[in-house]
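Breakdown of the fold
This is what each chain is made of:
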Number of protein chains: 2
Amino acid sequence: MNAAIDFYFDFSSPYGYLASEMIGQLSARYGRSVHWRPVLLGVVFRATGSAPLASIPLKGEYSMKDIARSARYFGLPYRRPSEFPIATQRAARAYYWLAEDDPQLAREFAHACYRAYFVDDRNIAQPEPLRDVAAALGIDAMQFEAAVGEPASKQRLNAEIEQAMARGVFGSPYFVVDDEPFWGVDRLPQLEKWLAEDGF
Amino acid sequence: MNAAIDFYFDFSSPYGYLASEMIGQLSARYGRSVHWRPVLLGVVFRATGSAPLASIPLKGEYSMKDIARSARYFGLPYRRPSEFPIATQRAARAYYWLAEDDPQLAREFAHACYRAYFVDDRNIAQPEPLRDVAAALGIDAMQFEAAVGEPASKQRLNAEIEQAMARGVFGSPYFVVDDEPFWGVDRLPQLEKWLAEDGF
């Protein structure tokens, strides 16, 4: 079996960011490619009655501590963003627009968005920081702005979110490998065992 | 530092069961003892607006799959209970009653409750299966029944739950080591790193 791994995430998800820094090397060790699929957790949460981590009593405070500690555990840079969570539809629409012509560039854009937000504390919900991320990758600013705002981009993202929910995605990061779902950066060891043993 | 590890759990929590089978050996490697502290997640969830896993759309179905897979991953026996979740105040009250005179026996009782429920599919919310667990450990049946029902046992458990919530406990398993909280069986690797390095 050599099917691609589906990687669902929200650009505002800290655990998604941590996973994004590790899934590439992990999957490559087993000859698998990864399909990155940004979604909007806000839409998903409305369907499942869930809420953003930071808003949940006790769990919210714990999570802020756990995210920073998890980053240290994995040896990844992390700075708690000043604004959290943020709306990420602009970043997600831009990702799918880029992915149509150049999946590699889209991947680099996704990495750059995550690092801008969770390492450099740039609020990528705002037009300017997001444009800066795109510009640094040589993406044309006028084309970028037009693409992010056009109805086709919104429809593409909505369709992706619907597909994700139909597949059972309810959080970020969420991986699907050979129809087997793995939720959370803390499931990467199980995902790796799955790849190593073709299921277990 | 050699302070004990506090281990909060609900007898109805499958991830708590998995953790209960591993925390003893893990802590012993670093010369730490463990204080087992059963709580009632139902009471905690009322305070945090949370709900039992099985009742949450998408997440509930995922969790049933994830629990069985996690048990295989850790090499632990597990059978999905016919009734889930269940009320565990009787088991928790019995635990604290036993712990007053004989912490070692209380620990064995806790292990036996978890295994009865998650391996042998015995509904320990019911008086008879719970009595069987106690009887197998040589605990007097009359004394046991009286202790489980007496007001002092209820008060003891309520006080423990209040203390746990004041400490921030919102799920099961939940560990506190040197004031550092770790939620979930999937945080045992971070807990171990903490013990190995006196914090990180």
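In this report, the structure presented in the accompanying data block is examined. (Residues numbered from 1 in each chain as written. Chains lettered and ligands numbered in written order. Predicted model: local features only at pLDDT ≥ 70, side-chain atom pairs only at ≥ 80, totals over all residues. Heavy atoms only, no water.)

**Overview of the relation of the copies chain B and chain A**
Our working definition: A least-squares fit on C-alpha atoms brings the copies together, and the residues used are those whose pLDDT is at least 70 in both copies.
If you rotate chain B by 180° and push it 0.0 Å along the axis, it lands on chain A with an RMSD of 0.0 Å. In symmetry terms, the pair is related by a two-fold rotation axis. Closest approach to the rotation axis within chain B is made by the C-alpha atom of Asp186 of chain B, at a distance of 3.1 Å.

**A short note on the interface of chain B and chain A**
Let me state the cut-off plainly: Contacts are residue-level and defined by heavy atoms, with any inter-residue pair within 4.5 Å sufficient. Put simply, buried area is the surface a 1.4 Å probe can reach on two separate parts but cannot reach once they are joined, added for both. Between Lys or Arg on one side and Asp or Glu on the other, a salt bridge is scored when a side-chain nitrogen of the former is within 4 Å of a carboxyl oxygen of the latter. Pairs of N or O atoms within 3.5 Å make up the polar contacts considered here, provided that, within protein, one atom can donate a hydrogen while the other can accept it, and that residues adjacent in sequence are counted only when both atoms are side-chain atoms. Only runs of H or I of at least four residues qualify as helices and only runs of E of at least two qualify as strands under DSSP, and these elements are numbered from the N terminus.
Contacts between the two partners involve 29 residues from chain B, matched on the other side by 29 residues from chain A. Taken together, the two surfaces of chain B and chain A that pack against each other cover about 2,900 Å², and 58% of this comes from carbon and sulfur. Taken as a group, Tyr62, Arg69 and Tyr73 of chain B account for 22% of the area that chain B buries against chain A, more than any other trio of residues on that side. Taking the shortest distance from any N to any O, the salt bridge between Arg187 of chain A and Asp186 of chain B comes out at 2.9 Å. Counting every contact that joins chain B to chain A gives 18 residue pairs in polar contact (both at pLDDT 80 or more). Secondary structure elements with two or more residues in the side of chain B that touches chain A: helix H3 (41-48), helix H4 (59-74), strand S4 (180-183) and helix H10 (188-197) of chain B. Among the elements that take part in the side of chain B that touches chain A, H4 of chain B stands out by supplying eight residues, more than any other.

**Overview of the environment of Lys59 of chain B**
Positionally, Lys59 of chain B belongs in helix H4. Not counting chain neighbours up to four residues away, the residues in contact with Lys59 of chain B comprise Lys59, Phe170 and Trp183 of chain A together with Leu53 of chain B.

**A short note on the sheet that holds strand S1 (residues 5-9) of chain B**
One key point about sheets: their strands pair by backbone hydrogen bonds, in either a parallel or an antiparallel sense. Worth spelling out the cut-off: Two strands make a pair as long as DSSP finds a minimum of two bridges between them. Orientation is described by lines fitted to C-alpha atoms, with helices fitted over the stretch in contact, and by angles between N-to-C directions that extend from 0 to 180 degrees.
Spatially, the four strands line up as an open sheet ordered S2-S1-S3-S4 (chain B), and their pairing is mixed. Whereas interior strands pair on both sides, the edge strands pair on one side only; in this sheet they are strand S2 (34-38) and S4 of chain B. Each strand of the sheet is rotated relative to its neighbour by a mean of 20°, with strand direction disregarded. Bridge count between S1 of chain B and S2 of chain B: five bridges; the pairing is parallel. For Tyr8 of chain B, the partnering residue across the bridge sits in S2 of chain B and is Arg37 of chain B. Across the face of the sheet, helix H4 (residues 59-74) of chain A comes into contact with strand S3 (174-177) and S4 of chain B while running at roughly 95° to S4 of chain B.

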